[in-house]
Structures are given as C-alpha cells and as structure tokens.
Amino acid sequence: MGGNSLLNLLLCDKGHLTKPSNPATAKAVTTTILNHLDSGRLRKAVSILFYAPFPFHFSLYARLFQLCSSTGSRAIVEARKVESHLFTFSPTPPVFLVNRAIEAFAKCGSLGDARELFEEMPQRDGGSWNALITACSQSGSPEEAFRLFVKMSRSGFLPNEITFASVLGSCAAVLALSLSRQVHGLIVKYGFGGNVVIGSSLVDIYGKCLIMDDARKIFDEIKNPNDISWNIIVRRYLEMGEGEEAIVMFFQMFKAAVRPLKFTFSNALVACSSISALDEGIQIHGVAIKMGFDDDEIVSSSLIDMYAKCGDLESASAIFDQPNSKDVISWTSIVSGYAMSGQTWKARELFDEMPERNVISWNAMLAGYTRYSQWEEAVDFLFLMRNTTNNIDQVTLGLILKVCAGLLDVELGKQVHGFIYRHGFSSSMFVGNGLLHMYSKCGKMRSAKTVWFHQISHWQDRVSSNALLSSYAHRGRSELAMTIFCEMQW
DNA sequence: ATAGGGTTAG
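Residues numbered from 1 in each chain as written. Chains lettered and ligands numbered in written order. Predicted model: local features only at pLDDT ≥ 70, side-chain atom pairs only at ≥ 80, totals over all residues. Heavy atoms only, no water.

Chain A has the name Pentatricopeptide repeat-containing protein in an unreviewed UniProt entry, where Malus baccata is given as its organism.

S.K.: Before we move on, can you summarise the UniProt feature "repeat: PPR" (unreviewed entry) in chain A with the specific residues and values?
M.R.: In the numbering used here, UniProt assigns the "repeat: PPR" (unreviewed entry) feature to residues 125-159, 226-260, 327-361 and 461-490. Taken end to end, residues 226-260 is 74% helix and 0% strand, and its two terminal C-alpha atoms sit 9 Å from one another. Annotated as residues 327-361, this span is 74% helix and 0% strand, and its ends, taken at the C-alpha atoms, are 12 Å apart. (UniProt positions renumbered as here; feature names shortened; annotations may be inferred. Helix = DSSP H or I, 4+ residues; strand = E, 2+ residues; numbered from the N terminus.)

S.K.: Give me the lowdown on the packing of helix H23 (residues 359-371) against helix H24 (residues 375-388), citing residues and values where you can.
M.R.: Describing two packed helices takes the angle between their axes plus the distance from one axis to the other. Their axes nearest at 8 Å, the elements H23 and H24 cross at an angle of 160°. Relative to H24, H23 is oriented roughly antiparallel. Where H23 crosses over H24, the handedness of that crossing is left-handed. In this structure, H23 uses Trp362, Asn363, Met365, Leu366, Tyr369 and Thr370 to contact H24, whose residues at the interface are Trp375, Glu377, Ala378, Phe381, Leu382, Leu384, Met385 and Thr388. Its residues assigned to classes, the contact of H23 with H24 shows 10 nonpolar, 3 polar and 1 charged. (Axes fitted to C-alpha atoms, helices over the stretch in contact; angles between N-to-C directions. Parallel < 35°, antiparallel > 145°, perpendicular 65-115°, else oblique. Left-handed = near helix turned anticlockwise from the far one by under 90°. Contact = heavy atoms within 4.5 Å. Nonpolar A, V, L, I, M, F, W, Y, C, P; charged D, E, K, R; others polar.)

S.K.: How would you sum up the nonpolar core? Please name residues and give values.
M.R.: Core analysis: the biggest nonpolar cluster contains 137 residues, and Phe56, Ile233 and Met438 have the highest contact counts within it. Ranked by residues supplied to this core, first place goes to helix H7 (residues 95-107) with 8 residues. Among residues more than four places away in sequence, those in contact with Ile233 are Val203, Met212, Arg216, Phe219 and Met249. (Core = buried A, V, L, I, M, F, W, Y, C linked by side-chain atoms within 4.5 Å. Buried < 20%, exposed > 50% of the residue type's maximum accessible area, 1.4 Å probe, protein only.)

S.K.: Describe the protein's contact with DNA strand B, listing the residues and the values that go with them.
M.R.: Surrounding DNA strand B, one finds 43 residues, the nearest of these being Arg235, Leu261, Lys309, Ile329 and Asn363. Among the atoms of DNA strand B close to the protein, meaning within 4 Å, 43% are from sugar or phosphate groups. Here a base nitrogen of DNA strand B sits 2.8 Å away from a polar atom, N or O, in the side chain of Asn226. With respect to DNA strand B, the side chain of Ser301 contributes an N or O atom lying 3.0 Å from a base oxygen. For the surface near DNA strand B, the element with the highest residue contribution is helix H15 (residues 227-239), accounting for 6 residues. (Near = heavy atom within 4 Å. Polar contact = N/O pair within 3.5 Å; in protein donor to acceptor, adjacent residues only side chain to side chain.)

S.K.: I'd like a rundown of unusual backbone geometry, residues and numbers included.
M.R.: Within the chain, Ala257 stands out as a residue other than glycine whose phi angle is a positive 55°. Mapped onto the elements, Ala257 comes out in the loop between helix H16 (243-255) and helix H17 (262-274). With a relative accessible area of 69%, Ala257 lands in the exposed category. With a phi angle near 55°, Leu408 is a residue other than glycine that sits in the positive phi range. Within the secondary structure, Leu408 is located in the loop between helix H25 (394-407) and helix H26 (410-422).

S.K.: Which residues make up the packing of aromatic side chains, and what values go with them?
M.R.: This model, assessed by the stated rule, comprises 18 aromatic pairs. Geometrically, the ring pair formed by Phe351 and Phe381 is edge-to-face, given 5.3 Å between the ring centres and 65° between the ring planes. On the criterion of sequence distance, the pair formed by Phe351 in helix H22 (residues 344-353) and Phe381 in helix H24 is long-range, its members being 30 residues apart. Phe381 sits in the buried class, given a relative accessible area of 0%. On the numbers, 5.7 Å between centres and 65° between planes, the contact of Tyr369 with Phe381 is edge-to-face. (Phe/Tyr/Trp six-rings, centres within 6.5 Å; stacked < 30°, edge-to-face > 60°.)

S.K.: Please set out the packing of helix H5 (residues 58-69) against helix H6 (residues 76-89) residue by residue, giving values where relevant.
M.R.: Direction vectors running N to C along H5 and H6 enclose 160°, while the axes themselves pass 9 Å from each other. Classified by the interaxial angle, the pair formed by H5 and H6 is roughly antiparallel. You can see that H5 and H6 cross each other, and the crossing is left-handed. Contact residues: Phe58, Tyr61, Leu64, Phe65 and Cys68 in H5; Glu78, Ala79, Val82, Glu83, His85 and Leu86 in H6. By residue class, the composition of the contact of H5 with H6 is 8 nonpolar, 1 polar and 2 charged.

S.K.: Lay out H26 in plain terms, naming residues and giving numbers.
M.R.: In a regular helix each residue adds 1.5 Å, so 13 residues correspond to 18 Å; H26 covers 18 Å between its end C-alpha atoms and thus fits that length. All of the buried residues in H26 are Val410, Gly413, Val416, His417 and Ile420. Burial along H26 is one-sided: seen end-on, the buried residues are contained in an arc of 110°. Along H26, exposed side chains directed more than 90 degrees from the buried face belong to Gln415 and Arg422. Gly424 occupies a position one or two residues after H26 and carries a positive phi of about 70°. (Expected span 1.5 Å × (residues − 1). Arc of directions from axis to C-beta.)

S.K.: An account of the side chain of Ser141 is needed here, citing residue identities and associated values.
M.R.: Here Ser141 lies in the loop between helix H9 (126-138) and helix H10 (142-154). Beyond its immediate stretch of four places on either side in the chain, Ser141 contacts Leu111 and Cys136.

S.K.: Mind laying out the environment of Ile400, listing which residues take part and the relevant values?
M.R.: Its location among the elements puts Ile400 in helix H25. Remark: the alpha-carbon pair of Ile400 and Phe320, spanning 80 residues in sequence, is separated by 30 Å. In contact with Ile400, other than residues within four places in its own chain, are Leu382 and Val416.

Here is the structure:
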C-alpha cells in the first residue's frame, strides 16, 4: 500500500480532487460505468473508474472486484486498478471490501497480492481469514492454508462453514488421512456436519483415500445431497472399481429428484462401460434424451464412448453421425472402439479422416495394433507417428514397449529404456510395467529384476509384482518367485 | 452485504 498512501498524501492537499465538484458528476459516471458492466465491458468500466478523481459507492467497488475474478476474465490488471483507486480515495475502506479485494487477487492467480493486502489490513474479521485461507487452498498452497487455519483460531476467530470448506479443499489436495480425520472431528464438534458442501467434501476425501465405507456413511448423513454431492459419490464408486454401485447411486439420484450434472451422466456411463453394462447404458441414454442432455457435447461423447466400449459400434456411430457431436474426444472414442474390437482397418480409416488429432488419438490407434498383435502395422504406425507428431507421453512409451515385447526386440527395447530414462518418464507406473513386461518377455530376467527393484518396488503395485512373479513362475523359477514375493511382502 | 465442494477420450 506504500504507493497508495503516497498518492493519498499528495491528493489530500488538493481538496477539490477528493470530491466531485458537482455531485451529479459522480452519479453520471457511475451510470456510465454500470452501463459498460451490463454490456460486459469490464476493462472500459475500470478504466473510467481509474481516471475519475473522486470516490465511488462501496458497492460499486465490490461489484468490480467480483467481476475481475469471475470465471473467464481473471483480470489481474483491472483488479489492481480498482484496488488502487479504492485506497486512494477511501484510505480506510470497510473490512468487507478489502476481503473482496483479497478474493479477487487470489482468483486472478496472484496469491502474493492477496497475502500482502491481508497483512497490511489494520483490522480483520473472520471473512478476511477465510478469504486468505481459501486463496491458499485454491492456489496450491495447502500447507499454508493449514498454518493460517491454526493461526486464525489462535487469534480468536472461530472457524465457520466457509473456513472448513476451504480447509477440506486443502485436505483433498494433500490427501492426508489422519489430518482429514482431525478436521472432520472439529467439524462435528462445531456442529457443521450437516452442511451439504462440507459433507460432500468429506465424502470426496474419504473416497479418494479409498475408504468407501466411511465415505458412504457420511453421504447418507447429508440431509439433502445436491447435484455435486451425487456427482462425487458416483465418481468415487467408479474410481474404486465399483461400477455397479456407481450405477445404482446414479439411479437413486432420480428418486431423490435431483437433476444430474452432465459430468454425472458421463461418470455413470463410464461406470457402465467398466462393467460392460450395456442395458443400463441404454437406460441412461433414454434418461439423457428425456432430460434434454443428449445434445450436450460431454454427454454425447460419453454415450459414444459407452456404446463403443460395450461393443455396440452401430449405436456409437449413430450418435457420432449426428450434427455437432464430432469433436476430438468423440472421434477418439469411435476410433478406439473399432481398434479395440479388432477392426483395426476400419479404425485406421477413421483415424486418417480425423480433422484433428492429439496424443490420445494416436495412442488409441496404437493400442489397437498392439492388442491384436499386429506388430508390422504397429511399427509402420510408429514411423508415421514419429514423422507427424512430437507429442509422446507415458502411454505411448508403454505401448512402444509392448511392441518391443511382441517383436522380442530387446535391442529396440533398450533404446526405448534409454529414452525413458533421459526424458524422465521412469516414474510412470505405465512405463515401469511396460519395461518389466518387455524384459521378462524377452527373457532378460536380470534386467527385469533390476527395473523392478530400482523403480517399481516402492509403488507396491500389484500389476508389476504380478508381471514379474508370473514370468518367473512361467520359466520354472518358482523358488526365485517365492523369494521375490517375500521381499515384496516386506 | 459475501465467502465453500465436483470434471467427458488411451
């Protein structure tokens, strides 16, 4: 605020500047600003405010701060201008308005500005603490959010629902179970357990910590779960691999007369494909049509994906052929559907027609070739890929390793291993499993073991351990398999 | 004269 105070000092001498010479002027300028805001011209509105040498009503500043942070605009320059004007002509603005400014800075991605403003506030209220805690938890500084939460209590401010909602946001970011349980305890103690937002966040956290029983208990205790609560529970069941329960919950949502979100549709549809539940998928399709969700991009591409994964490529194509449903995602779904059902030729035809491709599209095609052991096509495709795109990710590398394994080409595999090492892909589980599989398949058990011990053991991952164990067992080395199994247990 | 939660293709 140093600069602002200096400006204040200078302006205080010029009394005529701090008040409009004509009260009608302020009113007229306010009207102009409001007109610009109504037409969505935030920059213009702020610019007029910035050059007006007199204060405005506090509610105008509040509205401007909110607009600066509203989704899409993220106007940090404008937020700074509004703040500067506010402090210039109202050296001690009300606390709530400074809170709005903190929120605006945080939402524009400038945690530094938010923090500075908070620290320089002569007095704060609970809202100021909440604003900064929220700022930290949304800008990827969960630890600082926890620290502030403790400091807030020590400064004599009681946490409210908003505080806990933000703190839970940080808990979800770090997924620290014991910390979350402590916060949960406090929430119950303060009597906020029935709050929908807080309950939903707790469901989200316990679900992400893989404790579905607790998540479900908390969900059942929410008095009126809303669309987001239902979305969370469906999603968490899906991610736990309990597709059936996810679908059950999706249909229960209608009994509770809650209108689903489009994402809930897609989560439920992914659940259907995860357990090949075509009938339920068709039912959900019907519901989507009834509720007018079928022309939504996300829902229709999820439908295409569901039909494709359940093997009903005709229905998938039918939706795909409708206008407005062809985007990269649905293109990729359809290509993947044909590729993974063995019709790689048809998939390739569609792939070649794609107006736009990304890594996932390329991987989908490659995955088809590898699944059906079409190594020659896969190699040709890799050459094409190399000449067309620089976009490669851990999934591509995992697939390339599968190709090496399929061709029993350990030399190529070693080159890929070198590439993986140099480009920092080693930490990916997908790549690690690929390496392990490739070396095992090529009979290089020493290399496989090295990969396992150096990269994979600390993941405690079932897939990789099984890959190694089964290949040892296959080669009649069951005593070695047992040794490794014991080390793994340890 | 307010603030908080969830994200479709491999």
